[in-house]
Amino acid sequence: MNLDINVTPHDNYLHIKVKGIGNYENALHFWQSVVNACDQHQCYRVLGEQYLLDSVTTLEAFDHPAIFKKLGITTKYQFAWVDNNPRTRDTTEFVYNVLANRSLSYGKLFHDVESAKDWLLRQN
């Protein structure tokens, strides 16, 4: 795996940062790590920050609903997501839209961490 995943627990959310290469194998590994961290901390609110050097392909983006279903990512999860690499934001938004079109988008995309955190902490 060419990913660096950092999980920082807070009182009512997890701040998860990921850096590395975007591809199917890394996406599956990353989302499994998110599920494991949420289960370990019994906290399903996630402030996610990513900086990927390359994006998943269009075909890999279409695999995300299957990844979410396989890993049991459901409505109990809330994601506030920030892509810190301007070159990969369009692909991240595409993945989000693929998930949303299949009613599997459990969060929102943001351009900065502060807005994402504010939104996440206002969710019930």
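Throughout, residues of each chain are indexed from 1 in the direction in which the sequence is written. Two thresholds apply to this predicted model, a pLDDT of at least 70 for residue-level local features and 80 or more for giving and counting side-chain atom pairs, whereas whole-chain, interface and lining totals are computed over all residues. The side-chain numbers reported here are obtained from all heavy atoms of the structure, hydrogens and water having been left aside.

Visitor: Can you walk me through the overall build of the protein in this structure?
Guide: Looking only at helices and strands, the protein features five helices and five strands. When the helices and strands of the protein are read in sequence order from the N terminus, they spell out β-β-α-β-α-α-β-α-β-α. Its C-alpha radius of gyration of 13 Å places the protein within 12% of the 14 Å reference for a compact globule of 124 residues. Judged by the C-alpha coordinates and their principal axes, the protein covers about 35 × 30 × 30 Å. Each helix corresponds to a stretch of at least 4 residues labelled H or I by DSSP, and each strand to a stretch of at least 2 residues labelled E; elements are numbered beginning at the N terminus. Here the radius of gyration uses the C-alpha set of atoms, whereas the globule reference equals 2.2 Å times the residue count to the power 0.38.

Visitor: I tried to follow the environment of G22 on my own but got confused; where do I start?
Guide: Secondary-structure assignment places G22 in the loop between strand 2 (14–21) and helix 1 (24–41). Remark: exposure states derive from per-residue accessible area (1.4 Å probe, protein chains only) relative to the maximum for the residue type, with buried under 20%, exposed over 50%, and partly exposed in between. In this structure G22 comes out as buried when scored by relative accessible area, which is 9%. Here the alpha-carbon distance between G22 and N2, two residues 20 residues apart in the chain, equals 9.1 Å. Note on contacts: a residue pair is in contact if any heavy atoms of the two residues lie within 4.5 Å. The contact partners of G22, leaving out residues within four places of it in the chain, are L52, D54, S55, V56 and E60.

Visitor: Help me understand helix 3 (residues 64–71), please; the structure alone is not making it clear to me.
Guide: Because each turn of an α-helix spans 3.6 residues, side chains separated by three or four positions end up pointing in the same direction. Three or more residues of helix 3 are buried, namely H64, P65, I67, F68 and L71. End-on, the buried residues of helix 3 take up no more than an arc of 160°, which puts them together on one face. Of the exposed residues in helix 3, the ones pointing more than 90 degrees away from its buried face are K69 and K70. Of the surrounding elements, those touching the buried residues of helix 3 are helix 1, helix 2 (58–61), strand 4 (78–83) and helix 4 (89–101). Once helix 3 ends, the next one or two residues include G72, with phi positive near 75°. Comment: arc refers to directions from the helix axis out to C-beta atoms.

Visitor: Quick question: what am I supposed to make of the nonpolar core here?
Guide: Buried Ala, Val, Leu, Ile, Met, Phe, Trp, Tyr and Cys residues that are joined via side-chain atoms within 4.5 Å together make up what is termed a nonpolar core. If you look at the biggest cluster of nonpolar residues, it comprises 28 residues, and the most contacted ones within it are F30, W31, V34, F68, I73 and F79. Elements that contribute at least two residues to this core include exactly strand 2, helix 1, strand 3 (45–54), helix 3, strand 4 and helix 4. The dominant element in this core, judged by the number of residues it contributes, is helix 1, at seven residues. Formed by eight residues, the second largest nonpolar core is a distinct cluster that contains A80, A116, W119 and L120.

Visitor: Sorry if this is basic, but what is going on with the pairing of strand 1 (residues 3–9) here?
Guide: Walk down a regular strand and you will see the side chains alternate between the two sheet faces. Two strands are counted as paired when DSSP detects at least two bridges linking them. Where strand 1 meets strand 2, seven bridges bridge the pair, whose relative direction is antiparallel. Bridging from a neighbouring strand, T8 pairs with H15 of strand 2. Hairpin connection between strand 1 and strand 2: a loop of four residues separates the two successive antiparallel strands.

Visitor: Would you take a moment to explain the packing of helix 3 against helix 4 for this structure?
Guide: Axis angle and axis distance: for two packed helices, these are the angle between their axes and the distance between the axes, and together they describe the pair. As a rule, the C-alpha atoms of each element are fitted with a line to give its axis, helices using only the stretch in contact, and angles between N-to-C directions run from 0 to 180 degrees. It is at 9 Å that the axes of helix 3 and helix 4 come closest, and there the two elements cross at 60°. Across the interface between the two elements, H64, P65 and F68 from helix 3 touch V95, V98 and L99 from helix 4.

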